[in-house]
Amino acid sequence: MAAIEQDFIHENFPSLTKGAVFLDNAGGSQVARPVAERITEYLLGRNVQLGASYGASVEAGEQVAQGRAALALLMNAARPEEVVMGATTTQLFDQLARALVQHWQPGDEVIVTGFDHEANIGPWRRLEAQGIVIREWRLPEGEFEPKLSDLQALMNDRTRLVAVTHASNIFGSILPVRDIADAVHAAGALICVDGVAYAPHRAIDVQALDADFYGFSVYKVYGPHHAALYGKYDLLRHKAGNVNHYFYGEDKVPGKLEPGNANYELAYGCLGVIDYLEAFAAAHGANAKGRPAVEAAFEIFAEHEAALSARLLDYLNARADVTVIGDTSADKHRRVPTISFTIDGLTAEQVVRAIDPSGIGIRHGDFHSKRLVESLHLPGGNAVIRASAVHYNTIDEIDRLITLLEGLRRQAA
């Protein structure tokens, strides 16, 4: 495994040099320096409204277009127009649901899960008010991996869409999205994938996944507080209605799905994510640009993150009083380094508050996967302890957390 160059990391993430340890990255990552530089460049250079004929407006429009193209590159979309931008993934899925239902009929069906973040459940469930039938794909009792056969049993000729996650923000497990997409398409339906918990850890390839729609939050991928929704161009044009001003035609893609316009400076800031990934790849021996650099960087991320997962999971799995929630392996093909657990005799909040004074940031709660966490019937309340790492975290930081957890055990003994 190639070692992560810490000097490079600290140069690009100054916040990591100030003593705090960030192990709450599933809630939001630190921002890479090139992202802040792009945002500053836009705001201090040409902060104007787009669409005018004067020079600064034309140049600003080009910069926002570059940001959209960067997001297309990050997801491997076929064209920039397949990227809808917004503030959050939750907002974008809500806009997508309101757009798609315009082409559906009462009695049509949508399948949601009982084991995902609410962002890709709630917007679809709200369509019940318009006559859409909601079915739920559930986990088998006592298991943390859904069965494809259970999904297939739910689908019929009225199924219009299946909403599912790519990686669980509780279990950390990676779902076989391509297999799910193939089954959904065989039933004549569409698939909408929540990639928020996956995107910081692996290179997204919406074409390889054959996803119809795919959303993620850029602020969890070292970028600004911004989000992106991919949709196949023909679907956005012909199967999604307008949720913008009435004079936006059906063929105005992606504008008809971006009411009020996207945030200009944050859109341009997304170009900084690509800047960072290219620089990371180069600093770690991969002489590439564009998509090859993105893929090379994430391959290195995955190897390093697997080592972080193994360190923490080996410790947690060895404790009889700890229950790891989800996959107990550190296999990079099976999970990302988002690790949830409980400790007998202590509430999740008690553990986290005991860790807080150390400067190590972990978290407790249901993380908006409320339906899933409630279904686990956890002792001491509906909350888990979650430590979520990314590539800029270190083995030393994991060891510091382990030392603190071990200290809590000794105190309780």
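All residue numbers here refer to positions counted from 1 along the written sequence of the relevant chain. Reporting of local features is limited, given that this is a predicted model, to residues whose pLDDT is at least 70; pairs of side-chain atoms are given and counted only at 80 or more, and all residues count toward the totals for whole chains, interfaces and linings. The side-chain figures draw on all heavy atoms in the structure; neither hydrogens nor water molecules are used.

1. Looking at the pairing of strand β3 (residues 109-113)
Throughout, exposure labels follow a simple rule: accessible area from a 1.4 Å probe, protein chains only, divided by the maximum for the residue type, with under 20% read as buried, over 50% as exposed, and the rest as partly exposed. Secondary structure elements follow DSSP: runs of H or I no shorter than four residues count as helices, runs of E no shorter than two count as strands, and numbering proceeds from the N terminus. By the criterion of burial, β3 is predominantly enclosed, with five of the five residues buried. Residues E109, I111 and T113 point to one face of β3 and V110 and V112 to the other, with burial holding for every one of them. The pairing criterion is simple: DSSP has to find at least two bridges between the two strands. In the sheet, β3 pairs with strand β5 (residues 159-165) via three bridges, with the strands oriented parallel. Looking at the pairing, I111 lines up with V162 of β5.

2. Some words on the UniProt feature "domain: Aminotransferase class V" (unreviewed entry) in the protein chain
UniProt positions are given in the numbering used here, feature names are shortened, and annotations may be inferred rather than shown by experiment. The UniProt entry lists residues 21-401 under the feature "domain: Aminotransferase class V" (unreviewed entry), expressed in the numbering used here. Helix makes up 38% of residues 21-401 and strand 15%. Its end C-alpha atoms lie 9 Å apart.

3. Here we look at the pattern of salt bridges
For this analysis, a salt bridge means a side-chain nitrogen from Lys or Arg found within 4 Å of a carboxyl oxygen belonging to Asp or Glu. On inspection of all chains with the given rule, the structure shows 32 salt bridges. A salt bridge links E145 to R334; its shortest N-O distance comes to 3.2 Å. Taken together, the positions of E145 in the loop between β4 (133-137) and α6 (148-154) and R334 in the loop between β9 (322-325) and β10 (338-343) put the pair 189 residues apart, joining distant regions of the chain. The class for E145 is partly exposed, based on a relative accessible area of 37%. A salt bridge links D212 to K232; the nearest nitrogen and oxygen atoms lie 3.1 Å apart. In this pair, D212 sits in the loop between α8 (206-209) and β7 (213-217) while K232 sits in the loop between β8 (227-231) and α9 (233-238), placing the two residues 20 residues apart along the sequence. A relative accessible area of 22% means that K232 is categorised as partly exposed. When salt bridges with common partners are traced through the structure, they connect D24, R363 and R386 into a single cluster.

4. Focus on unusual backbone geometry
Following V253, the chain continues to P254 via a peptide bond in cis, the omega torsion being 0 degrees. By secondary structure assignment, the location of P254 is in the loop between α9 and α10 (264-269). The residue D210 is not glycine, and still its phi comes out positive at about 55 degrees. The partly exposed category is assigned to D210, whose relative accessible area is 22%.

5. Notes on the environment of A72
Here A72 shows up in helix α3 (residues 55-75). Considering only alpha carbons, one finds A72 and D205, 133 residues apart in sequence, at a separation of 9.9 Å. Contacts are residue-level and defined by heavy atoms, with any inter-residue pair within 4.5 Å sufficient. Ignoring any residue separated from it by four or fewer positions in sequence, one finds A72 in contact with A77, R79, P80 and V83.

6. Regarding the nonpolar core
I9, M75, Y214, F216, Y276, L277 and F280 are the most contacted members of the largest nonpolar core, which totals 80 residues. Broken down by element, the residue count for this core peaks at seven residues, all from α3. If we skip the residues at most four places from it in the chain, L277 touches L74, A293, V294, A297, F298 and F301. We define the nonpolar core as a collection of buried residues of types Ala, Val, Leu, Ile, Met, Phe, Trp, Tyr and Cys that are connected through side-chain atoms lying within 4.5 Å of one another. Counting residues in hydrophobic clusters, the runner-up holds 31 residues, among them V84, A97, L100 and Y233.

7. Let's talk about the packing of helix α2 (residues 33-45) against helix α11 (residues 271-283)
Every axis corresponds to a line fitted to the C-alpha atoms, with the helix fit spanning only the stretch in contact, and the corresponding angles, defined between N-to-C directions, vary from 0 to 180 degrees. Viewed as axis vectors pointing N to C, α2 and α11 meet at an angle of 145 degrees, and their least axial separation amounts to 7 Å. In this structure, α2 meets α11 at a crossing whose hand is right-handed. Across the interface between the two elements, P34, V35 and R38 from α2 touch L271, G272, V273, D275 and Y276 from α11. In this count, Pro and Cys sit with the nonpolar residues alongside Ala, Val, Leu, Ile, Met, Phe, Trp and Tyr, while Asp, Glu, Lys and Arg are called charged and the others, Gly among them, polar. Tallied by class, the residues present in the contact of α2 with α11 amount to five nonpolar, one polar and two charged. The hand of a helix crossing depends on one turn: near helix anticlockwise from the far one by less than a right angle means left-handed, and clockwise means right-handed.

8. Looking at the pairing of β8
With five of five residues buried, β8 lies mostly within the body of the structure. By the alternation rule, side chains of β8 split into A227, L229 and G231 and A228 and Y230, which are all buried. The sheet contact formed by strand β2 (residues 83-86) and β8 spans four bridges and is antiparallel. Bridge pairing in β8 links V83 to Y230. Note that β7 and β8 share five bridges and pair antiparallel. Across the sheet, F213 pairs through a bridge with G231, a residue of β8.

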